[in-house]
Amino acid sequence: MKITKKEVVHVANLARLDLDEESIGKFAEQIDNILEYVDILNCVETKSVAPTSHAIFLTNAFREDKVKEHLDRNKALANAPEKEDGNFVVPKVIG
Amino acid sequence: MNLYKLTIHEAHNLLKSREISSQELTKSVLNRVESVEPRVGAYITVAGETAMAQAELADKTIAEGNITHLTGIPLAIKDLICTKNLRTTCASKILENFVPPYDAFVIKKLKKAGAVIVGKANMDEFAMGSSTEHSGIKLTNNPWDLSYIPGGSSGGSAAAVAANMCLGSLGSDTGGSIRQPASHCGVVGMKPTYGRVSRFGLVAFASSLDQIGPLTKDVADCAVLLKAISGYDAGDSTSVPMDVPDYTTFLEKGLKGFKIGIPKEYNALSGLDAEVSEAVKNAVKTIEGLGAECVEVSLPHTEYAVAAYYVIAPSEASSNLARYDGVKYGLRDKDKNDLIEMYRSTRSMGFGSEVKRRIIIGTYCLSAGYYDAYYRKASQVRTLIIEDFKRAFKSCDVLLSPVAPTPAFKTGEKTEDPLKMYLSDIFTLSANLAGIPGMSVPCGFSTQGLPIGLQIMGKHFNEEKMIKVAYNFEQATDFHNKKPKL
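Bear in mind the structure is a predicted one, so any value in this text is a computation, not a measurement.

Asker: Tell me about the overall build of chain A, and please be specific about residues and values.
Answerer: Tallying secondary structure elements over chain A gives three helices and two strands in all. Listing each helix as α and each strand as β along chain A from the N terminus yields α-α-α-β-β. A globule of 95 residues ought to have a C-alpha radius of gyration of about 12 Å, yet chain A, at 23 Å, is considerably larger. The principal-axis extents of the C-alpha atoms in chain A amount to approximately 55 × 45 × 25 Å. Within chain A, the proportion of its 95 residues that are buried is 18%.

Asker: Could you give an account of the nonpolar core, with specific residues and numbers?
Answerer: Residue and element names in this part refer to chain B. The biggest cluster of nonpolar side chains holds 166 residues, and the ones touching the most others in it are Leu75, Val118 and Ala308. Take this core: its biggest share by element is 10 residues, from helix 10 (residues 305-320). The next biggest cluster of nonpolar side chains, apart from the first, holds six residues, and it includes Trp144, Tyr148, Ala408 and Phe409.

Asker: Pulling in residues and values, what's your account of the sheet that holds strand 7 (residues 259-263) of chain B?
Answerer: Whenever strands of a sheet pair, they do so through backbone hydrogen bonds, lying parallel or antiparallel. All names here are of chain B. Spatially, 1-3-2-4-6-5-10-11-9-7-8 is the arrangement adopted by the 11 strands of the open sheet, whose pairing is mixed. The open sheet has two edge strands with one neighbour each: strand 1 (43-46) and strand 8 (293-297). For this sheet, the mean inter-axis angle between neighbouring strands, taken without regard to orientation, is 30°. Pairing geometry for strand 2 (residues 74-78) and strand 3 (residues 116-121), over five bridges, is parallel. What sits directly across from Pro74, in strand 3, is Val116. Sheet strands in contact with helix 5 (residues 155-162) are strand 1, strand 2, strand 3, strand 4 (168-173), strand 5 (188-191) and strand 6 (211-216), and its direction is about 155° off that of strand 4.

Asker: Before we move on, can you summarise the packing of helix 1 (residues 5-14) of chain A against helix 12 (residues 353-366) of chain B with the specific residues and values?
Answerer: Two elements in contact, helix 1 of chain A and helix 12 of chain B, have axes whose closest approach is 9 Å; the angle formed by their N-to-C orientations is 95°. The angle between the axes of helix 1 of chain A and helix 12 of chain B places the two elements in the roughly perpendicular class. The residues of helix 12 of chain B that touch helix 1 of chain A, namely those facing Val8, Val11, Ala12 and Leu14 of chain A, are Ile360, Thr363 and Tyr364 of chain B.

Asker: Tell me what's going on with the interface of chain B and chain A, and back it up with residues and numbers.
Answerer: Listed as interface residues are 58 residues of chain B and, on the opposing side, 43 residues of chain A. The set of elements that each furnish at least two residues to the side of chain B that touches chain A consists of helix 10, helix 11 (339-350), helix 12, helix 13 (372-392), helix 14 (418-423) and helix 15 (429-434) of chain B. For the side of chain B that touches chain A, the leading source of residues is helix 13 of chain B, giving 11 residues. Residue classes in the side of chain B that touches chain A are distributed as 30 nonpolar, 17 polar and 11 charged.

Asker: Could you give an account of the environment of Thr248 of chain B, naming the residues involved and the relevant values?
Answerer: Residues and elements named next belong to chain B. Relative to the helices and strands, Thr248 is located in the loop between helix 7 (219-229) and strand 7. Sequence separation between Thr248 and Asp221 is 27 residues; the distance between their C-alpha atoms is 8.6 Å. Once residues lying within four places of it in the same chain are set aside, the contact partners of Thr248 are Ala220, Ala223, Val224 and Lys227.

Asker: Could you give an account of unusual backbone geometry, naming the residues involved and the relevant values?
Answerer: Residue and element names in this part refer to chain B. The omega angle of the peptide bond from Gly152 to Ser153 is 10°, so this bond is cis rather than trans. Examined against the element boundaries, Ser153 turns out to sit in the loop between strand 3 and helix 5. Of note in the backbone geometry, Asn85 takes a positive phi value of approximately 60° without being a glycine. In this structure Asn85 comes out as exposed when scored by C-beta crowding, with 11 C-beta atoms within 10 Å. Phi angles above zero are rare outside glycine, and Cys90 is one such case at about 55°. As for its position among the elements, Cys90 is in the loop between strand 2 and helix 4 (105-112).

Definitions and cut-offs
Residues numbered from 1 in each chain as written. Chains lettered and ligands numbered in written order. Predicted model: local features only at pLDDT ≥ 70, side-chain atom pairs only at ≥ 80, totals over all residues. Helix = DSSP H or I, 4+ residues; strand = E, 2+ residues; numbered from the N terminus. Rg over C-alpha atoms; globule rule 2.2 N^0.38 Å. Buried ≥ 20, exposed ≤ 12 C-beta atoms within 10 Å, placed from the backbone. Core = buried A, V, L, I, M, F, W, Y, C linked by C-beta atoms within 7 Å. Pairing = 2+ DSSP bridges. Axes fitted to C-alpha atoms, helices over the stretch in contact; angles between N-to-C directions. Contact = placed C-beta atoms within 7 Å. Parallel < 35°, antiparallel > 145°, perpendicular 65-115°, else oblique. Nonpolar A, V, L, I, M, F, W, Y, C, P; charged D, E, K, R; others polar.

In structure tokens, the structure reads:
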């Protein structure tokens, strides 16, 4: 077993996902299969290989720190499920 | 004449000579959509009214003597590319009511060129899938046989082109999501070099792999649409500041001196369908017959590509999809009074099971204690895959291979086994890992009458060479002239 049901629940919690009992079992089995398959990467010798996070050579993309055209407050808030006085509303965080 | 059947370049010529108007053309496409959409299911949103307004504007522009290759041309857009004031859902319940306040860079370019947007095309939720069955909104059927999948994730974009429900479309490709549905629906699809097309306004799945590209009825249209969307954009820090060639100038006959690489590892892969193998072999022969020289090349790390991809892509996705928290946009469970509870409930209600599965895999691979074993290891193997391609391209101009190991499969056939679905991406996802361009052109049909695609891959920023090979192949064959009967 690469991943147990308990670990699936733990990782889902880190990702802020709730899973019902049925999906926990199903995901544990499917993800276990996938991780089992991914193990073939260990057949590759990579001790002296640098990792790639970006396939195209580019140096840092810098720009001047200047204010440009941007969304106004109302447009930025237009899709908010809840808003008030020009702000996003979230459930109470501090008791 | 049914105007909806036209290609982009045919329609352009008729618009230019004023034989047709964009309003007639757009109306014809909208009527076609109305009649076949119930069977094909290519669109999440049809924007009939705004499309007609755009067509009217295009006609005015043309009357003033200003016409680009896309003025007045009706196009479909995959529903993860932001369109100002036009709902963009990513085929997810979590974004079902999201109306972008801005246009993606590619949409700005298309609008500036005078294109007409017919609507937003169906896809696998957040582009995660190879069949469009993971759409949280609806199913799309393959226009060649409605009981088969159209491929994915840009299944709606490919089906819409194949079924003449638009003249061309945009999709996105993270592991084959333009090329594979193009192959399954018998249309031309191109994933450009990473950085060729701006991702500004493309809803992110795996940022180091995603790229927007065209799906079209023929290679000439691919050249037109690719040129229109390519180019540097300061709004995407990974966009590459390089001149864009006029791809249409490479639509010329002659492949003398061209070297075609055939990766030997691809023949040894299990699961390659005999009819697909035969169609691709015949395509290679045809291309040889046109004057190109074939050489065998080696991509020794091919068998590790799927594993590397299915660590890297979910890892990036788990990070990108953290933004859907019920605060700034999209769905929210308003019954929860605790912030964390609200996050959990919103995300659990909003994401479908394939998306959850990938978020969990990605979160696991990036979590403390597993990062080196999975993400770092996969990123190292990615380096070796890139080196494989660099070596191979020393002895050839382009590579030829199948796009998918089989023709389209039946709806429901693979959804229960995610690994089986992932393995069908073997020929396409290496190009995303390496950032190189890849395209699919029709090269045959199975005995059941389902289309088969030929993949052409090139060096970074060598799209024009691929277009030249594809154009010569297309002109020498008849596959692109066959249309599904609906």
